[in-house]
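Each chain, written out:
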2 protein chains.
Amino acid sequence: MRLEEALKLIVITDKKLKPNVVKAVEDALRGGATSIQLRLKESSTREMIEVGKAVRKLTEDFGALYFVDDRLDVALATNADGIQLGPEDMPLDLAKSIAPNLIIGASVYSVEEAVEAERLGAHFLGAGSVYPTPSKPEAKVIGIEGLKELVRRVRIPVVAIGGITHSNVKEVLTTGVCGIAVISAVMAADDVESATRTLRELIDEELKKRRGFS
Amino acid sequence: MRLEEALKLIVITDKKLKPNVVKAVEDALRGGATSIQLRLKESSTREMIEVGKAVRKLTEDFGALYFVDDRLDVALATNADGIQLGPEDMPLDLAKSIAPNLIIGASVYSVEEAVEAERLGAHFLGAGSVYPTPSKPEAKVIGIEGLKELVRRVRIPVVAIGGITHSNVKEVLTTGVCGIAVISAVMAADDVESATRTLRELIDEELKKRRGFS
């Protein structure tokens with residue numbers, strides 16, 4: 001699977017919304033998530049590793065990629081495919097030198113940060129926040145136009161993040177991003193599997209149009 | 001320097017007690033700390049790495065060892081000498097396989113945990129809590145007799161931790177430990193350098209006696 005394919009729909013864990021993280025991940029994968037990002041800000045390292053090992057196994061079974069938010073130690077300990085690094089996390093170049101085989105996603109909030117992350121060797125970008133979002137209320141909102149500009153300015157794949165829902169996902173994909181990352185749209189749903197499936201269908205429809213197959 | 005020599009006096013950082021962590025580390029080193037353990041539970045990874053790089057530089061200048069609490073990623077990113085791992089952190093054997101060159105200290109709270117940590121390849125133990133301690137009020141208290149028994153049961157060096165002060169450090173050293181680790185005794189003092197120096201003098205006096213030089 002090409003990296004862009006795997007970045008179509010990244011589902012990020014949220015222990016507050018779904019305390020049984022492994023179950024939520026399995027449901028998201030059944031629904032068609034192409035990547036899982038493990039994000040467990042307030043857990044112990046031991047717990048992150050235990051959950052991460054289960055996520056590693058599940059993503060393998062479903063042919064999805066497995067990323068870890070922030071924690072390179074957990075990524076290495078659980079044999080993750082990649083790591084997602086933001087401005088408060090380990091610098092990209094340092095992470096690359098410690099773990100040259102990991103796929104590195106950079107979280108960026110502006111065109112300048114995007115260009116710099118590409119320069120430092122990020123393999124893809126998570127760019128946002130597209131819309132205001134309950135999962136990260138303090139995040140800067142870049143908007144649809146900001147996202148379009150950002151996509152134009154880099155050569156690496158861009159994934160949109162922040163406030164993306166079933167109702168705006170098609171608009172988001174018109175910006176040229178290769179996919180989306182979501183927390184609330186899936187983790188706040190009663191039925192994680194079905195919320196993921198609907199999102200995935202909308203994404204596949206829109207990406208098919210882009211390729212001119214419809 | 002033999003590992004045991006470097007374990008005589010481990011000073012652990014505490015950002016709540018001394019918000020300028022780097023300054024506190026420098027003061028502790030001036031006072032005679034033989035090792036520094038960076039413990040920054042609530043900081044971002046980026047901040048841990050920035051502070052860790054400064055601590056790496058300072059410990060080198062003073063000929064002391066530099067350990068990181070819990071975070072293998074920060075230890076690798078800042079070229080630490082070692083890492084301190086407790087029951088909630090990365091399993092010892094996993095840490096050893098990821099970073100075979102790091103000195104691994106295991107935090108243990110009973111004879112059973114001590115024996116198991118030695119079996120898994122820990123290079124030394126941090127054993128406690130010797131006394132009740134304000135830095136970790138929930139920690140199990142092993143006491144002086146418990147510590148003596150623990151020291152007898154393993155071959156690797158043991159460092160005592162938990163509630164150790166200027167008034168009880170000599171009693172602690174009678175248990176056969178090679179040194180002590182402290183937070184409050186140094187970080188809660190108005191003058192970190194002088195609090196460290198007094199502790200170091202008491203330790204040197206007691207260890208000299210043990211070697212029969214007095």
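Here the residue index of a chain counts from 1 through its sequence in written order. For naming, the first written chain is A and the first written ligand is 1, with later ones following in the order written. Since the coordinates come from a predicted model, pLDDT governs what is reported: local features require at least 70, and pairs of side-chain atoms require 80 or more to be given and counted, while whole-chain, interface and lining totals use all residues.

Notes on the overall build of chain A
Step number 1: When helices and strands are tallied, chain A shows 10 helices and eight strands.
Step number 2: Both definitions apply: the radius of gyration is a C-alpha atom measure, and the globule rule equals 2.2 Å times residues to the power 0.38. Here the C-alpha atoms of chain A give a radius of gyration of 16 Å, agreeing with the 17 Å that 2.2 N^0.38 yields for 214 residues.
Step number 3: In terms of its C-alpha atoms, chain A occupies a principal-axis envelope of roughly 45 × 40 × 35 Å.
Step number 4: Whether a residue is buried, exposed or partly exposed follows from its count of other C-beta atoms within 10 Å of its own C-beta, namely 20 or more, 12 or fewer, or something in between, respectively; the C-beta atoms are built from the backbone. Relative to its 214 residues, chain A shows a buried fraction of 51%.
Step number 5: By the criterion used throughout, residues are in contact when their C-beta atoms, derived from the backbone, lie within 7 Å. Residue pairs at least 24 apart in sequence account for 58% of intrachain contacts in chain A once pairs closer than 6 positions are excluded. Helix and strand definitions here come from DSSP, where helices need a minimum of 4 consecutive H or I residues and strands a minimum of 2 consecutive E residues; each element is numbered from the N-terminal end.

As for the interface of chain A and chain B
Step number 1: Taken together, the contact between chain A and chain B spans 15 residues of the former and 15 residues of the latter.
Step number 2: The biggest single contributor to the side of chain A that touches chain B is helix α4 (residues 72–77) of chain A, with four residues.
Step number 3: Taken together, the residues of the side of chain A that touches chain B sort by class into seven nonpolar, two polar and six charged. In the scheme used here, Gly and all other residues not listed as nonpolar or charged are polar, with Ala, Val, Leu, Ile, Met, Phe, Trp, Tyr, Cys and Pro taken as nonpolar and Asp, Glu, Lys and Arg as charged.

Details of the sheet that holds strand β1 (residues 9–12) of chain B
Whenever strands of a sheet pair, they do so through backbone hydrogen bonds, lying parallel or antiparallel.
Residue and element names in this part refer to chain B.
Step number 1: Strand order in the closed barrel formed by eight strands is β1-β2-β3-β4-β5-β6-β7-β8, and the pairing between neighbours is parallel. Pairwise comparison of adjacent strand axes, ignoring direction, gives a mean angle of 25° for this sheet.
Step number 2: One requirement defines pairing of two strands: DSSP has to find at least two bridges between them. Relative to strand β4 (residues 82–85), strand β3 (residues 65–69) is paired through three bridges, and the arrangement is parallel. Looking at β4, one finds that Phe67 is bridged to Gly82. Here, axes are lines fitted to C-alpha atoms. For helices the fit covers the stretch in contact, and angles between N-to-C directions go from 0 to 180 degrees.

Some points on the UniProt feature "binding site: Mg(2+)" (unreviewed entry) in chain A
Step number 1: Taken from the UniProt record, the annotation "binding site: Mg(2+)" (unreviewed entry) applies to Asp70(A) and Asp89(A). Taken together, the annotated residues stretch across 20 residues yet fold into one region, lying no more than 5.6 Å apart by C-alpha.
Step number 2: On the secondary structure map, Asp70(A) appears in the loop between β3 (65–69) and α4.
Step number 3: When neighbours within four sequence positions are excluded, Asp70(A) is seen to be in contact with Leu85(A), Asp89(A) and Thr45(B).
Step number 4: Among the secondary structure elements, Asp89(A) is positioned in the loop between β4 (82–85) and α5 (92–98). UniProt positions are given in the numbering used here, feature names are shortened, and annotations may be inferred rather than shown by experiment.

So, the relation of the copies chain A and chain B
Step number 1: With an axial shift of 0.0 Å and an RMSD of 0.0 Å, the rotation relating chain A to chain B amounts to 180°. Within this description, the copies of the chain are treated as partners about a two-fold rotation axis. Considering only C-alpha atoms, the residue of chain A closest to the rotation axis is Asp73(A), which sits at 2.3 Å.
Step number 2: A high fraction, 100%, of the interface residues of chain A reappear at the interface in chain B, so the copies pair face to face through one surface. The fit set for superposing copies consists of C-alpha atoms from residues with pLDDT of at least 70 in both; the fit itself is least squares.

Points about the environment of Leu9(A)
Residue and element names in this part refer to chain A.
Step number 1: Residue position: Leu9 is located in strand β1 (residues 9–12).
Step number 2: Sequence separation between Leu9 and Val159 is 150 residues; the distance between their C-alpha atoms is 8.6 Å.
Step number 3: If near-sequence neighbours (up to four positions away) are discounted, Leu9 is found in contact with Gly32, Ala33, Thr34, Gly179, Ile180, Leu199, Arg200 and Ile203.

Thoughts on helix α6 (residues 111–119) of chain B
Residue and element names in this part refer to chain B.
Step number 1: Among the residues of α6, Ala114, Ala117 and Glu118 are the ones counted as buried. All buried residues of α6 fall inside an arc of 100° around its axis, so they share one side. Turned more than 90 degrees away from the buried face of α6 sit Glu112 and Arg119, all of them exposed.
Step number 2: Buried residues along α6 sit in contact with α5 (92–98), β5 (103–108), β6 (124–128) and α7 (143–153).
Step number 3: One or two positions beyond α6, positive phi appears at Gly121, with a value near 105°. Directions from the helix axis toward the C-beta atoms define the arc.

Considerations on the environment of Leu38(B)
All names here are of chain B.
Step number 1: Within the element layout of this structure, Leu38 appears in strand β2 (residues 35–38).
Step number 2: Along the chain, Leu38 and Asp14 lie 24 residues apart, while their C-alpha atoms are 8.4 Å from each other.
Step number 3: Not counting residues within four places of it along the chain, the set of residues in contact with Leu38 comprises Thr13, Val51, Gly52, Val55, Val68 and Asp69.

Overview of unusual backbone geometry
Comment: phi is negative for the bulk of residues other than glycine, and the bulk of peptide bonds are trans.
Residues and elements named next belong to chain A.
Step number 1: For the bond running from Gly128 to Ser129, omega is -5°, close enough to zero to count as cis.
Step number 2: Positionally, Ser129 belongs in the loop between β6 (124–128) and α7 (143–153).
Step number 3: Notably, Asp70 is not glycine yet its phi reads approximately 75°, a positive angle.
Step number 4: Judged by C-beta crowding, with 24 C-beta atoms within 10 Å, Asp70 ranks as buried.
Step number 5: Look at Asn79: it is not a glycine, yet its phi comes out positive at around 60°.
Step number 6: With respect to the secondary-structure elements, Asn79 resides in the loop between α4 and β4.
Step number 7: You can call Asn79 exposed: it has 12 C-beta atoms within 10 Å.

Side note on the nonpolar core
Step number 1: Core analysis: the biggest nonpolar cluster contains 146 residues, and Val159(A), Ile180(A), Val159(B), Ala160(B) and Ile180(B) have the highest contact counts within it.
Step number 2: When sequence neighbours within four positions are dropped, the list of residues in contact with Ile180(B) reads Leu9(B), Val159(B), Ala160(B), Ile161(B), Ile164(B), Val169(B), Val172(B) and Ile203(B). To define a nonpolar core, we join buried Ala, Val, Leu, Ile, Met, Phe, Trp, Tyr and Cys residues through C-beta atoms within 7 Å and take the resulting set.

Section: the sheet that holds strand β5 (residues 103–108) of chain A
All names here are of chain A.
Step number 1: With parallel pairing, the eight strands of this closed barrel are ordered in space as β1-β2-β3-β4-β5-β6-β7-β8. Averaged over all neighbouring strand pairs, the angle between strand axes comes to 25°, with direction disregarded.
Step number 2: Here four bridges tie β5 to β6, and the two strands are oriented parallel to one another. When the bridges of β6 are listed, Ser107 appears paired with Gly126.
Step number 3: Docked against the sheet, helix α6 (residues 111–119) engages β5 and β6, running at close to 160° with respect to β5.
Step number 4: Across the sheet, helix α10 (residues 192–210) lies against β1 and β8 (179–182), angled at about 155° from β1, the strand it touches most.

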